[in-house]
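Structure assessment
Residue-level listing of the chains:
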Amino acid sequence: MNPAIPVFLYHAVMDDPPDWIAEFTVPPKEFAAHLDAVVDSGRTPVTISALAGHLAGRASLPPRPVLLTFDDGFADLPGPTADALAERALPATAYLTTGAIAPGGHSLLPPAPMMSLDRVVELERSGMEIGSHTVTHAQLDTLSTGRLRAELLDSRAVLEDALGHPVPHLAYPHGYNSPRVRAMASRVGYETATAVRHALSSERDERYRIARLIVRRGHTVADVESWLAGDGARIAPYRDGPMTVGWRWYRRARTVLRGRPAFAG
């Protein structure tokens, strides 16, 4: 049996997105075709909590699982996107950037139509699990320890206050993380954290950098079908390569020179 577990990462689902997010936006008709491919694949859709339970050794996964995740909290999420998932009885996990959706909040995300915090309960009732995507969407691996801790704790506190229960899962903005970031996520009490890596996850993946496949506008249904078959991408876990490590150090230096956090985009 192929050990690969596809964990799809979507952002906005809309026809006319702002330029800055267009590359990571899927039109609604194409998104519907992706969901139909998931249903037809015979895989069992689960939320991140199911994968977390397996990685922690508490529970087994169903045969051939697949996960659907959504980052940031764009306006389509609690509306047509949640409806499309519910029509097919597909659970999902939404990681929300609280500074972009809370009243009076501040984030580094450029202007875009976003959902509002008061719809988080509605989103959960529709079948989506809620996770944290930090407050400002900064590059976490470039932040000081104090700023990093605040991004992880403050975002979770806002979501837990809105939902009335713990929020144990985190997604790193743009996937940027490091051993220090992963250790902090564990230390402050997150049970899992998802990265990007544009790779397939597996039953042996790392709890604090679960691999996801970032779905771009140019990806086709055939791409989605290939990933669902466990093909077309590397399978985690694996070590960071020299280019990834070098890019991390470059971004850190740039942040120090500029003296302010940078948008993780």
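Residues numbered from 1 in each chain as written. Predicted model: local features only at pLDDT ≥ 70, side-chain atom pairs only at ≥ 80, totals over all residues. Heavy atoms only, no water.

A few points about helix α1 (residues 28-40)
Put simply, the rule is: The helix count covers DSSP runs of H or I at least four residues long, the strand count covers runs of E at least two residues long, and both are numbered beginning at the N terminus. Expected span of a helix, by definition, is 1.5 Å for each gap between consecutive residues, and there is one gap fewer than residues. The classification of residues rests on relative accessible area computed with a 1.4 Å probe and restricted to protein chains. Under 20% of the type maximum is buried, over 50% is exposed, and intermediate values are partly exposed. The directions considered for the arc run from the helix axis to the C-beta atoms. In what follows, a contact means two residues having at least one pair of non-hydrogen atoms within 4.5 Å.
With 13 residues, α1 should reach 18 Å at 1.5 Å per residue; the first-to-last C-alpha distance of 18 Å fits that figure. Every buried residue of α1 is accounted for by Phe31, His34, Leu35, Ala37 and Val38. For α1, the angular spread of buried residues about the axis comes to 155°, placing them on one side. With respect to the buried face of α1, the exposed residues turned more than 90 degrees away are Lys29 and Asp40. Summarising the contacts, the buried residues of α1 are in contact with β2 (7-10), β3 (12-13), β4 (25-26), β6 (65-72), α3 (77-87) and α8 (221-228).

Observations regarding the packing of aromatic side chains
Short version of the rule: Only the six-membered ring of Trp is used, alongside the rings of Phe and Tyr, when aromatic pairs are assigned; centres must lie within 6.5 Å, and planes under 30 degrees apart are stacked while those over 60 apart are edge-to-face, with the rest tilted.
For the coordinates displayed, the defined rule picks out 7 aromatic pairs. When the centroid spacing of 5.9 Å and the interplanar angle of 80° are considered together, the rings of tryptophan 20 and phenylalanine 263 count as edge-to-face. Here tryptophan 20 is found in the loop between β3 and β4, whereas its partner phenylalanine 263 is found in the segment after α9 (242-258), with 243 residues between them in sequence. With centroids separated by 6.0 Å and ring planes inclined at 75°, the aromatic side chains of phenylalanine 31 and phenylalanine 70 adopt a geometry described as edge-to-face. Residue phenylalanine 31 is found in helix α1, and its partner phenylalanine 70 is found in strand β6; the two are separated by 39 residues along the sequence. Across this residue pair, the class does not change: phenylalanine 31 and phenylalanine 70 are buried. Aromatic ring contacts, followed pair by pair, group Tyr10, Phe31 and Phe70 into a single cluster.

Remarks on the side chain of aspartate 141
Put simply, the test is: In protein, a polar contact requires one atom able to donate a hydrogen and another able to accept it; more generally it is a pair of N or O atoms within 3.5 Å, and residues adjacent in sequence count only if both atoms are side-chain atoms.
Looking at the secondary structure, you find aspartate 141 in the loop between β8 (128-132) and α6 (145-163). The exposure class assigned to aspartate 141 is buried, which follows from its relative accessible area of 1%. Within polar-contact distance, the side chain of aspartate 141 engages the side chain of arginine 251 at 2.6 Å. Leaving out residues up to four positions away in the same chain, aspartate 141 has contacts with Tyr176, Asn177, Ser178, Arg180, Val181, Arg248, Arg251 and Arg252.

Thoughts on the nonpolar core
For clarity, the cut-off: We define the nonpolar core as a collection of buried residues of types Ala, Val, Leu, Ile, Met, Phe, Trp, Tyr and Cys that are connected through side-chain atoms lying within 4.5 Å of one another.
Counting 36 residues, the largest nonpolar core has Phe8, Phe31, Leu68, Phe70, Leu85, Leu96 and Met128 as its most contacted members. Contact partners of leucine 68, with chain neighbours within four places excluded, come to Phe8, Tyr10, Leu35, Val38, Leu85, Leu90, Pro91, Ala92 and Thr93. Formed by 15 residues, the second largest nonpolar core is a distinct cluster that contains Leu148, Leu170, Ala185 and Tyr190.

Considering the environment of arginine 197
Considering the arrangement of structural elements, one finds arginine 197 in strand β10 (residues 192-197). The spacing of arginine 197 and glycine 99 is 98 residues in sequence and 25 Å in space, taken between C-alpha atoms. Setting aside anything within four residues of it in sequence, one finds arginine 197 in contact with Glu206, Arg209, Ala211, Arg212, Tyr238, Arg239 and Asp240. A polar contact of 2.9 Å, which involves the side chain of arginine 197, links it to the backbone oxygen of tyrosine 238.

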